[in-house]
Amino acid sequence: MVSVRLRSGESVVFLAIVCFLQIENVFSSPGSTLNIKNIFIGRCFEYEELTKGTLIEPVKVNCTQLWTLFSRAWTYKDPQSIVLSDYETFLEAAKQTNLPEDKILLWSGTYGIAHEYSNQRKRYVTLEDSLIGYLVNGLTWCGMVCTECDGINYEQCPDGPDLPREAHQAFWGGASRTFAKSASGVVRLILTGTNKDRPAYNSESFFGQFELPSFDTEVKLQVILVNFLDKIPLEHCDTGSLVKLREDVETRGLSYSCTENPLDILHLMCVGDPSATKCELGRLLEAGKSKSDLSDILSGRLQQRTKITSVS
Ligand code: N1C
């Protein structure tokens with residue numbers, strides 16, 4: 001405890017600062033999501049319905065039992081003390097071993113575009129599209145040691161940097177490892193070379209630490225390097241951290257390939273921002289294409305023409 005002696009004017013200022021800091025603290029690290037139990041169990045029942053007509057095989061699980069296993073990992077516990085093995089029983093019970101071959105999509109630093117691309121399990125399947133990820137995606141949870149409560153801290157949960165590394169990584173580390181172990185065939189990984197604050201590949205990321213080391217040796221890793229519209233590409237498939245990724249993948253005996261802004265991803269981004277210079281109209285203009293090319297785009301014949309051009 002810190003004791004500070006203050007004159008009366010100063011004490012008002014001091015109190016104001018303390019109040020401000022406390023409000024800041026509460027807002028910067030919220031407590032567990034209210035009604036987390038109901039949300040979890042509701043999502044679990046909903047998952048059976050959501051996955052109909054998608055790449056996911058029908059799922060039959062005991063939702064209340066899954067909540068019991070999940071909550072047992074962290075309720076009535078100090079969040080600092082949680083380790084990956086605490087979640088193992090839950091992960092084992094909730095894992096899907098029949099995930100579709102060639103359809104797993106991983107991401108690192110590219111959550112948004114990866115989920116647009118996966119299209120709610122219709123095109124690809126991300127961890128958040130699998131049962132384990134879906135149940136808790138976007139939720140906050142942490143426990144507290146208490147006798148007269150439900151063992152859940154709804155006031156405040158420590159931020160990642162306030163936790164020991166193992167506690168911080170416990171859930172998503174275990175979930176990522178479980179997911180990667182079930183992946184087979186071609187596995188896609190979306191990275192970005194346009195973020196000035198982080199390299200495209202970081203061996204300390206969840207991907208680097210938990211997914212890459214967990215792949216079956218038959219897995220073929222296909223990197224999709226996304227250069228976001230109107231951002232300067234800082235890395236390319238054969239430069240920067242992508243070189244290290246290739247080495248790390250090949251050292252594990254896995255096959256590796258990398259493509260930069262493939263057309264399907266580019267078109268997806270252009271849907272949200274059609275006037276960006278990297279979008280088709282801008283690209284054609286930049287390439288000095290004629291006005292008739294532009295009218296082809298408008299009449300929907302672009303793709304056909306592009307295919308013909310690339311063959312000839
Ligand atoms: O550290 P990252 O990326 O490489 O982790 C992403 C990687 C994905 O392929 C996922 O399968 O690991 C899996 N994963 C999640 O699915 C996930 N959902 C939410 C890892 N982390 C996940 N989160 C939160 O995002 C988690 O709290 C962690 O801190 C970030 C990781 O994001 P990143 O650095 O962009």
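Conventions we followed
- Sequence order as written defines residue numbering, which begins from 1 separately in each chain.
- For this predicted model, a pLDDT threshold of at least 70 governs which residues receive local features, and a threshold of 80 or more governs which side-chain atom pairs are given and counted, while totals over whole chains, interfaces and linings are taken from all residues.
- Derived side-chain values reflect all non-hydrogen atoms in the structure, with water molecules and hydrogen atoms excluded from consideration.
- Strands here are runs of E lasting at least two residues and helices are runs of H or I lasting at least four, both read from the DSSP assignment and numbered beginning at the N terminus.
- Note on classification: 1.4 Å probe, protein chains only; a residue is buried when its accessible area is under 20% of the maximum for its type, exposed when over 50%, partly exposed between these limits.
- By definition, residues are in contact when any of their heavy atoms lie within 4.5 Å.
- Here a polar contact is recorded for every N or O atom pair within 3.5 Å, except that within protein the pair must consist of a potential hydrogen donor and a potential acceptor, and residues adjacent in sequence are included only if both atoms are side-chain atoms.
- The score called pLDDT rates the predictor's confidence residue by residue, from a low of 0 to a high of 100.
- A fitted line through C-alpha atoms serves as each axis, taken over the contacting stretch for helices, and the angle formed by two N-to-C directions is quoted from 0 to 180°.
- Note that the term roughly parallel is reserved for angles under 35 degrees, roughly antiparallel for angles over 145, roughly perpendicular for angles of 65 to 115, and oblique for everything else.
- The residue classification treats Ala, Val, Leu, Ile, Met, Phe, Trp, Tyr, Cys and Pro as nonpolar and Asp, Glu, Lys and Arg as charged. All others, Gly included, are polar.

Draft legend 1. Inspection of the environment of Asp230 at higher detail. With respect to the helices and strands, the residue Asp230 is situated in the loop between β3 (220-226) and α9 (241-251). Overall, the relative accessible area of 51% leaves Asp230 in the exposed class. C-alpha separation for the pair Asp230 and Ala276, spaced 46 residues apart in sequence, amounts to 6.4 Å. Once you skip the residues sitting within four places of it in the chain, Asp230 turns out to touch Asp273, Ala276, Thr277 and Lys278. Within polar-contact distance, the side chain of Asp230 engages the side chain of Thr277 at 3.0 Å.

Draft legend 2. Main features of the confidence of the model for the chain. Summarising the model, the chain shows a mean pLDDT of 87, and 81% of its residues fall at 70 or more. Note that residues 1-27 has pLDDT below 50 and, in this model, five contacts with residues that lie over four places away or in other chains. A low-confidence stretch, residues 298-312 (pLDDT under 50), is modelled with seven contacts involving residues beyond four sequence positions or located in other chains.

Draft legend 3. Representation of the packing of helix α5 (residues 111-118) against helix α10 (residues 263-272) in the model. Relative orientation of the contacting elements α5 and α10 amounts to 105°, with a least axis distance of 11 Å. With respect to their mutual orientation, α5 and α10 come out roughly perpendicular. When α5 is examined against α10, the residues Ile113, Glu116 and Tyr117 are found in contact with a partner set consisting of Asp264, Ile265, Leu268 and Met269. When grouped by side-chain class, the residues that make up the contact of α5 with α10 number five nonpolar, no polar and two charged.

Draft legend 4. The arrangement of the environment of Thr64 in detail. Its location among the elements puts Thr64 in helix α3 (residues 63-72). Along the sequence, Thr64 and Asn38 sit 26 residues apart, while their C-alpha atoms lie 9.8 Å from each other.

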